[in-house]
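# Per-entry structural report
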Amino acid sequence: MDLRRYTRHYAIQDNRLAVLSYFGTFAVYFLTLYLAISSAENWYVLVLAGVVFAFASVRLYVLQHDTGHHSLFETRLQNELAGHLLSPFTFAPFEVMKQNHNLHHANIGNLDHRETGEIHTMTLQEWQEAGFWQRLYYRLYRNPAIFVPLGAAFTYFVRYRWPKNSVRFGALGVILHNIAILCMLWALYHVAGGQGLLIWLGFSFLGGMIGVFLVYLQHNFEDTYWDRRPDLQPAEAALQGSSCLDFGWFFDFAVANITLHDIHHFNARIPSYRLRQCHYNLPAEIALRRIKFGEALGALSLKLWDEDKKRLVPFPE
């Protein structure tokens, strides 16, 4: 079976589905934020609405990611406008993040270009040759109790204020993006006060932690793929080096199917609302591996790429 030809059948944009996904997610985002703020005295309503708000935040980020691939709406202009509109809510400046993410796709699985990945991975040999301070830094960096909360806080609230390659891909856009965020926060403060701003911040932080957890699992699991040119196989890197997280239909829906990352890397033109159908309609002979929640948690203990065993392994004893 020609997998390229198969996935092209799903790489079809439909503005009706795109509008439903896009504006429907915005509706949930604003409604749950309103419920959380207006029900601040009722902790159970606050928590429930806040958790849904956090997932809606993740979903908006994934939809912006789709617009960067021009895969959500039918035309380039529609995707570009939608992506820029999403930027203040995702805290990710659209143009620079789009270009950085394209570099990530172009170098997936390439050990010589790990700088384009979201989370750095050392090889076992590099670990063995590293000094004390480099090892200590990497241990702290890859500790999930650190990189999930601190990584979320640093990435979304600090690093994205001036992402890498900002000068190269559009410094003015980043500056305008940051001004838009300040205006949004000013408006929220004047409507909902300091308490409303803190509720937004707290559950946005939760959404950031969910996002960091998913980003880690997208390429960090035992039998992922890394290699060096000329042996690097791009198609294998896309499919084997990216995960399919099988946490159930509802979780997939809540995060706009970013869990189906293998098919996405193989064909980034497939819109998020067709990814699940594309993956689960694959014939049995080429069915791709799926990672359940237990294995996903276990993957958090894997830290180093062993080039001899072609496996992600824990730190040596």
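Definitions and cut-offs
- Residues numbered from 1 in each chain as written.
- Predicted model: local features only at pLDDT ≥ 70, side-chain atom pairs only at ≥ 80, totals over all residues.
- Heavy atoms only, no water.
- Pairing = 2+ DSSP bridges.
- Helix = DSSP H or I, 4+ residues; strand = E, 2+ residues; numbered from the N terminus.
- Core = buried A, V, L, I, M, F, W, Y, C linked by side-chain atoms within 4.5 Å.
- Buried < 20%, exposed > 50% of the residue type's maximum accessible area, 1.4 Å probe, protein only.
- Contact = heavy atoms within 4.5 Å.

### Some points on the sheet that holds strand E1 (residues 122-123)
- One open sheet accounts for three strands, arranged E1-E2-E3; its pairing is mixed. Strand pairing shows two members of the sheet lacking a second neighbour, E1 and strand E3 (311-313), which therefore form its edges.
- Bridging between strand E2 (residues 304-306) and E3 involves three bridges; their strand directions are antiparallel. By the bridge assignment, Trp305 is partnered in E3 with Leu312.

### With respect to the nonpolar core
- Among the nonpolar cores identified, the biggest contains 60 residues, and Tyr22, Tyr29, Leu72, Ile199, Trp200, Leu214 and Leu217 are the most heavily contacted of them.
- Residue assignment for this core shows that the elements contributing at least two residues are helix H2 (15-38), helix H3 (43-68), helix H4 (76-90), helix H9 (149-157) and helix H11 (171-219).
- Per element, the largest residue contribution to this core is twelve residues, and it comes from H11.
- Once residues within four sequence positions are removed from consideration, Trp200 is found in contact with Tyr29, Leu33, Phe53, Phe91, Met184, Leu185 and Leu188.

### Examining the side chain of Asn107
- As for its position among the elements, Asn107 is in the loop between helix H5 (94-106) and E1.
- Other than its neighbours up to four places away in sequence, Asn107 contacts His113 and Thr116.

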